[in-house]
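Letter by letter, the chains look like this.
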Amino acid sequence: MHSHTTFRQLEIFEAIARLGSFTRASEELYLTQPTVSMQMKKLTENVGAPLIEHIGKRIHLTADGQQLAQATREIFAILDRFTMSVAERRGLKQGKLSLMAITTASYFAPRLLGEFARLYPGIDVSLRVTNKEQVLASIADNLDDLYFLGQPPEDIDVVATPIMDNPIVVLAAPDHPLAHARRIPLEQLAKEPWLMRERGSGTRNAIERRFAESGIAVHPRLELGSNEAIKQAILAGLGISALSRHALALNQPGQFAVLDVDGFPILRHWYAVYPAGRQLSVAARAFLDYLLGHGGDPKNPGDKARASQRAHT
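For clarity, every value in this text was computed on a predicted model and none was experimentally measured. (Residues numbered from 1 in each chain as written. Predicted model: local features only at pLDDT ≥ 70, side-chain atom pairs only at ≥ 80, totals over all residues. Heavy atoms only, no water.)

Some points on the packing of helix H1 (residues 7–19) against helix H2 (residues 22–29)
Helix-helix packing: each pair is described by the crossing angle between the helix axes and the interaxial distance.
Inference 1: Look at H1 against H2: their axes get within 8 Å of each other, and the N-to-C directions meet at 125 degrees. Between H1 and H2, the angle falls in the class oblique. In the crossing of H1 with H2, the sense of the turn from one axis to the other is right-handed. In contact with Arg-8, Glu-11, Ile-12, Ala-15, Ile-16, Arg-18 and Leu-19 of H1, H2 contributes Phe-22, Arg-24, Ala-25, Glu-28 and Leu-29. (Axes fitted to C-alpha atoms, helices over the stretch in contact; angles between N-to-C directions. Helix = DSSP H or I, 4+ residues; strand = E, 2+ residues; numbered from the N terminus. Parallel < 35°, antiparallel > 145°, perpendicular 65-115°, else oblique. Left-handed = near helix turned anticlockwise from the far one by under 90°. Contact = heavy atoms within 4.5 Å.)

With respect to the pattern of salt bridges
Inference 1: Scanning the model with the defined rule gives 13 salt bridges in all.
Inference 2: With a shortest N-O distance of 2.7 Å, Asp-144 and Arg-128 are connected by a salt bridge. Pair noted here: Asp-144 is in the loop between helix H6 (132–140) and strand E5 (146–149) and Arg-128 is in strand E4 (residues 123–130), with a separation of 16 residues, a long-range link.
Inference 3: A residue is classified by how much of its surface remains accessible, and Asp-144, at 2% relative accessible area, is buried. (Salt bridge = Lys/Arg side-chain N within 4 Å of Asp/Glu carboxyl O. Buried < 20%, exposed > 50% of the residue type's maximum accessible area, 1.4 Å probe, protein only.)

Quick look at the side chain of Ser-244
Inference 1: Looking at the element boundaries, Ser-244 is found in strand E10 (residues 241–244).
Inference 2: Looking at Ser-244, its side chain comes within polar contact range of the side chain of Asn-166, at 2.5 Å.
Inference 3: Setting aside residues no more than four positions away along its own chain, Ser-244 makes contact with Thr-104, Asn-166, Pro-167, Ile-168 and Trp-270. (Polar contact = N/O pair within 3.5 Å; in protein donor to acceptor, adjacent residues only side chain to side chain.)

Some details on the packing of H1 against helix H3 (residues 33–47)
Inference 1: Relative to each other, H1 and H3 sit at 105 degrees, their axes nearing to 9 Å. Looking at the two axes, H1 sits roughly perpendicular to H3. In this structure, H1 uses Gln-9, Leu-10, Ile-12, Phe-13 and Ile-16 to contact H3, whose residues at the interface are Val-36, Gln-39, Met-40, Lys-42, Leu-43 and Asn-46.

Focus: the nonpolar core
Inference 1: Judged by nonpolar contacts, the single largest core of 39 residues is most densely connected at Leu-97, Ile-139, Phe-148, Val-273, Phe-287 and Leu-291.
Inference 2: Counting only elements with at least two residues in this core, the list comes to strand E3 (95–102), helix H5 (109–119), H6, E5, strand E6 (158–165), strand E12 (269–275) and helix H10 (282–294).
Inference 3: Per element, the largest residue contribution to this core is 8 residues, and it comes from H10.
Inference 4: Those residues in contact with Phe-148 that sit more than four places away from it in its chain are Leu-99, Met-100, Ala-101, Ile-102, Ala-105, Ala-109, Ile-163, Tyr-271, Phe-287 and Leu-291.
Inference 5: In terms of nonpolar packing, the next biggest core, distinct from the first, is built from 23 residues, Val-170, Trp-194, Ala-206 and Leu-259 among them. (Core = buried A, V, L, I, M, F, W, Y, C linked by side-chain atoms within 4.5 Å.)

A closer look at the sheet that holds strand E11 (residues 257–258)
Either a parallel or an antiparallel arrangement is found when strands of a sheet pair, and the pairing is made through backbone hydrogen bonds.
Inference 1: Spatially, 3 strands are ordered E10-E7-E11 in an open sheet, and the strand pairing comes out antiparallel. Among the strands making up the open sheet, the edge pair consists of E10 and E11.
Inference 2: In this sheet, E11 lies alongside strand E7 (residues 168–172) in antiparallel orientation, the contact comprising 2 bridges. From the neighbouring strand, Leu-171 faces E11, where its bridge partner is Val-258.
Inference 3: Lying on the sheet, helix H9 (residues 227–235) is in contact with E7 and E10; it crosses E10 at an angle near 140 degrees. (Pairing = 2+ DSSP bridges.)

Following this line, the structure appears as structure tokens:
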């Protein structure tokens, strides 16, 4: 690579590689698309090999592009660690913090992030909320500092730290016949029309395991792609479901009936996850310490979560 490759060119290329789009990269970096295209053309000429190929309407990294993307991220990570270590020695908390979360975490993650940002105004924080598949892909590529997941991945070597409880409760419309019943057996519940998230969802896996432990199969009436869609379907009288209690954070009390069911709630945790071997930045470490100190709730110390930190493979 020629010596006149610029830092800005690498920054633009990394954004394109991460976002998979010239348009989204230009928006993130506040540049015009012609500027982005011109800088990418110069970078390609400097490297002496194609970095990106267009297949239909999508862009893909070539083998050389994939190697350069990884090298660029390593360069940026080194520079970020240096900048933040200087700030740390000066007694300051500064730098960037990049977080990614599955959709259900959107009910609590912005609040936690907002509180942290007020405590550390020198840290530039960002949060992306997306589906589980994209979160796992980002973990595999080591793109962000920390990830919020309801279940750590089993096929990626990560450090997973439980940060708060994530109980899965059974929900029904407030006028459902079982709304005021007590100790509802799983066998009876399985006969109800069930609304489920898509296959692969951590919540759905937990529900199916709970029924399977009692030798019961549950067959969903509808599969829906979001918690909000499931909640609307419950209120429309289409069936019952089980969701994280955090999914009720924005709903009025009494809008849903939380059923009293044997074997529920399913007690799970929310995890802060990062790839094993990744050296956490000063900002990421400060945020993780903040989460452990609060346990996701200023009234609920995180000593239990801190004691439970573990490496998960």
